[in-house]
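Here is how the chains run, residue by residue.
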2 protein chains.
Amino acid sequence: MGYSYAVLGTGAVGGFYGARLQQAGFEVHFLLRSDYAHVREFGLKVKSIDGDFNLPQVNAYNSVEMMPSCDVVLLSLKATHNYLLPQLIPPLLKPDGIVLVLQNGLYVEEQVASVAKIRHIIAGLCFVCSNKIAPGEINHLHYGKITLIEYAPGYRRCGVTTRMEQIAKDFTSAGIAIAFAEDLLLERWQKLLWNIPFNGLSVVLNANTQEMLASPEIRQLVLELMQEVATAATACGLIIPKDLFYERIKLTEKMKSYRPSMKIDYENHRSLEVEAIFGAPLRIANKVGIHLPRIAMLYRQLQFLDAQNTLLH
Amino acid sequence: MGYSYAVLGTGAVGGFYGARLQQAGFEVHFLLRSDYAHVREFGLKVKSIDGDFNLPQVNAYNSVEMMPSCDVVLLSLKATHNYLLPQLIPPLLKPDGIVLVLQNGLYVEEQVASVAKIRHIIAGLCFVCSNKIAPGEINHLHYGKITLIEYAPGYRRCGVTTRMEQIAKDFTSAGIAIAFAEDLLLERWQKLLWNIPFNGLSVVLNANTQEMLASPEIRQLVLELMQEVATAATACGLIIPKDLFYERIKLTEKMKSYRPSMKIDYENHRSLEVEAIFGAPLRIANKVGIHLPRIAMLYRQLQFLDAQNTLLH
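Computed from a predicted structure; not experimentally measured.

What counts as what
- Residues numbered from 1 in each chain as written.
- Chains lettered and ligands numbered in written order.
- Predicted model: local features only at pLDDT ≥ 70, side-chain atom pairs only at ≥ 80, totals over all residues.
- Heavy atoms only, no water.
- Helix = DSSP H or I, 4+ residues; strand = E, 2+ residues; numbered from the N terminus.
- Rg over C-alpha atoms; globule rule 2.2 N^0.38 Å.
- Buried < 20%, exposed > 50% of the residue type's maximum accessible area, 1.4 Å probe, protein only.
- Contact = heavy atoms within 4.5 Å.
- Areas by Shrake-Rupley, 256 points an atom, 1.4 Å probe, with all protein chains shown as cover.
- Least-squares fit on C-alpha atoms with pLDDT ≥ 70 in both.
- Axes fitted to C-alpha atoms, helices over the stretch in contact; angles between N-to-C directions.
- Parallel < 35°, antiparallel > 145°, perpendicular 65-115°, else oblique.
- Left-handed = near helix turned anticlockwise from the far one by under 90°.
- Nonpolar A, V, L, I, M, F, W, Y, C, P; charged D, E, K, R; others polar.
- Salt bridge = Lys/Arg side-chain N within 4 Å of Asp/Glu carboxyl O.
- Buried area = accessible area lost by both parts, 1.4 Å probe.
- Polar contact = N/O pair within 3.5 Å; in protein donor to acceptor, adjacent residues only side chain to side chain.

Visitor: Explain the overall build of chain A to me, please; I cannot follow it from the model alone.
Guide: Of the regular secondary structure elements, chain A holds twelve helices and ten strands. Taking 2.2 N^0.38 as the reference for a compact globule, 313 residues should give roughly 20 Å; the C-alpha atoms of chain A span a radius of gyration of 19 Å, in line with that estimate. With respect to the principal axes defined by its C-alpha atoms, chain A has extents near 50 × 40 × 40 Å. Burial status across chain A gives 60% buried among its 313 residues. If you take every contact in chain A between residues at least 6 apart in sequence, the share linking residues at least 24 apart comes to 70%. Summed over all atoms, the accessible surface of chain A reaches about 12,800 Å², with 51% contributed by carbon and sulfur.

Have a look at this one:
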């Protein structure tokens, strides 16, 4: 028997993986906000490189109070909404339940761990290109693999747990590639290697990945930003080899004209995950005495653009 | 008797100063491109904090061949067009004539000096807020002072020349404040102290001076960029005191919601003066072994945005 899943945030990531799980026969409950009425009536649609599919009927909710508690809470809200977690997660979680964190950001697991009653946290680092293109409609463009690492206090390693194995089994049977890893912080920094240059510059330069990589100047800047990520990681005792820079750029070239999630959020006047992706690593770097001038500059530019864009400024 | 003036580039700067000179009774000839037909028929209009005025008739040309040679060529083209100088300047200049360089950019005088037959070059560093708001129509918003420094090969100092004094006399009688300075490179670097942060960031952040200075993050970034300018200047033996940073910011606060010239060029899909304002100082810094990560990053961002914006990419 597989786990039951509550999808906390039915967008490009949560909507995609949740729909795949339901399609494979798992019990899935979806929390929605703006798309609630639409999804309740029409379900979810997934356009995917692996084959399009529709789920005409899904368990849709606009409040956690109405949802049953599940084995796994799939945390796929924007990290900007994490101040809501103490209200959102506890009602959804069975006593021994798991929070599967599919969010971006450094030290997001510690944030989740601070919520009462949460005993098990697994980070799921998604390497996926997907966008929500209409209410209840997701476009899955490339890739899809999730790397699972269980969190333990202080980010100590805890190997492959039975919980990770069960989630891997469920996701694999739903056609989602899964990998296991052990060093959560290393994986998080490696993810920043992509997120910092591509998410950040896509907003500042109003450009997709193809446009950015077509420019020798921006290619150079991407490498310089990656180098700053690696420098900070090294100062934390985590080695990111330079080969990985070029590997990530190669994978990005294959994405063609992909708009990173931060770009899409910006276009839709939604708050950007500036703190999770930029603020957190900058604070760590500062703590270990490392200076990241380019990342800090991009952070300031994004803080400004975010504030202007959401009209809170 | 005052000098006669040929205005090479009748935009926000050349149009404003040229109109003032004509208003004061000097002989002025204006070279125009896109506004030629309009200005030939309707003349120039100046909205100014010092008082609006119209010149219903001006000497307007669309080709240097039709213009008489003058004592002074007022060089106020965008620096991006300086490849045209060998064709444009010689026909306009009397044998002992002066090129008064009102352009932005480091080492622009050397570029002008390489044009045949030019014997006298005076840099005029304009501290003025003005925009062209319609064909033949200029809005003069704040300030207006010009600092004059005569150029000599190798940027050696040559004091206050009779040519500077004559130009000062002419401009002063036209209501334009004039200052003299001796160290041209120092003045150029000090001008970059403003141009690099405010011109550059206004394009990248799609913001005017008021919006930028209202943000604590951007204020901080402006100071960091200024520090890089000062560091590079110091490496060239030129001291920019930190007091000047705050003085420039204070003067900028008084400009209210000013859009720097680079922002206006960007909005009008004109090429940006990226090389004059960013490329040149970065090359100098590189030569003296100084690393300017933030200015280099801004340079790359602007190169990208400029190329995308002018559709040459």
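Visitor: Just checking my understanding: could you explain the relation of the copies chain B and chain A for this structure?
Guide: In this arrangement, two copies of a chain are superimposed by a rotation about an axis accompanied by a shift along the axis. Between chain B and chain A, the superposition needs a rotation of 180° and an axial shift of 0.0 Å, giving an RMSD of 0.0 Å. This pairing of chains is accounted for by a two-fold axis.

Visitor: Would you mind showing me how to read the packing of helix α6 (residues 184–204) of chain B against helix α12 (residues 293–309) of chain B here?
Guide: For any two helices packed against each other, the geometry comes down to the angle between their axes and how far apart the axes lie. Residues and elements named next belong to chain B. It is at 10 Å that the axes of α6 and α12 come closest, and there the two elements cross at 45°. If you check the angle between α6 and α12, you find them oblique. When the axes of α6 and α12 are compared, the crossing they make is left-handed. On α12, the residues that touch Ile-196, Gly-200, Leu-201, Val-203 and Val-204 of α6 are Ile-295, Leu-298, Gln-301, Leu-302 and Leu-305. Residues that form the contact of α6 with α12 fall into these classes: eight nonpolar, two polar and no charged.

Visitor: Looking at this model, I keep getting lost on the pattern of salt bridges. Mind explaining?
Guide: When the charged atoms of two side chains with opposite charge come close together, those side chains can pair. Applying the stated criterion across every chain yields a total of 32 salt bridges over all chains. A salt bridge links Glu-267 of chain A to Arg-259 of chain A; the nearest nitrogen and oxygen atoms lie 2.5 Å apart. Judged by relative accessible area, which is 34%, Glu-267 of chain A ranks as partly exposed. According to the relative accessible area criterion, Arg-259 of chain A is partly exposed, its value standing at 32%. Connected through salt bridges with shared partners, the residues Glu-224, Glu-228 and Arg-294 of chain A together with Arg-300 of chain B form a single ionic network.

Visitor: I'm lost on the side chain of Gln-301 of chain A in this one. Help?
Guide: Among the secondary structure elements, Gln-301 of chain A is positioned in helix α12 (residues 293–310). The exposure class of Gln-301 of chain A is buried, given its relative accessible area of 0%. Dropping the residues within four chain positions of it, Gln-301 of chain A is found in contact with Val-204 of chain A together with Leu-201, Val-204, Leu-205, Ile-218, Leu-221, Met-297, Leu-298 and Gln-301 of chain B.

Visitor: Mind showing me how you'd approach the interface of chain B and chain A here?
Guide: It is common to give the size of an interface as the accessible area lost on bringing the parts into contact. The interface is formed by 25 residues belonging to chain B together with 25 residues belonging to chain A. Looking at the side of chain B facing chain A, the largest losses of area belong to Met-297, Arg-300 and Phe-304 of chain B, adding up to 31% of the total buried there. Scanning the region where chain B abuts chain A turns up two salt bridges. Among the salt bridges present, the one from Arg-300 of chain B reaches Glu-224 of chain A, with a minimum N-O distance of 2.9 Å. If you look at where chain B meets chain A, you find five residue pairs in polar contact (both at pLDDT 80 or more). Listing elements by their share of the side of chain B that touches chain A, those giving two or more residues are α6, α7 (209–213), α8 (216–235) and α12 of chain B. The dominant element in the side of chain B that touches chain A, judged by the number of residues it contributes, is α12 of chain B, at ten residues.

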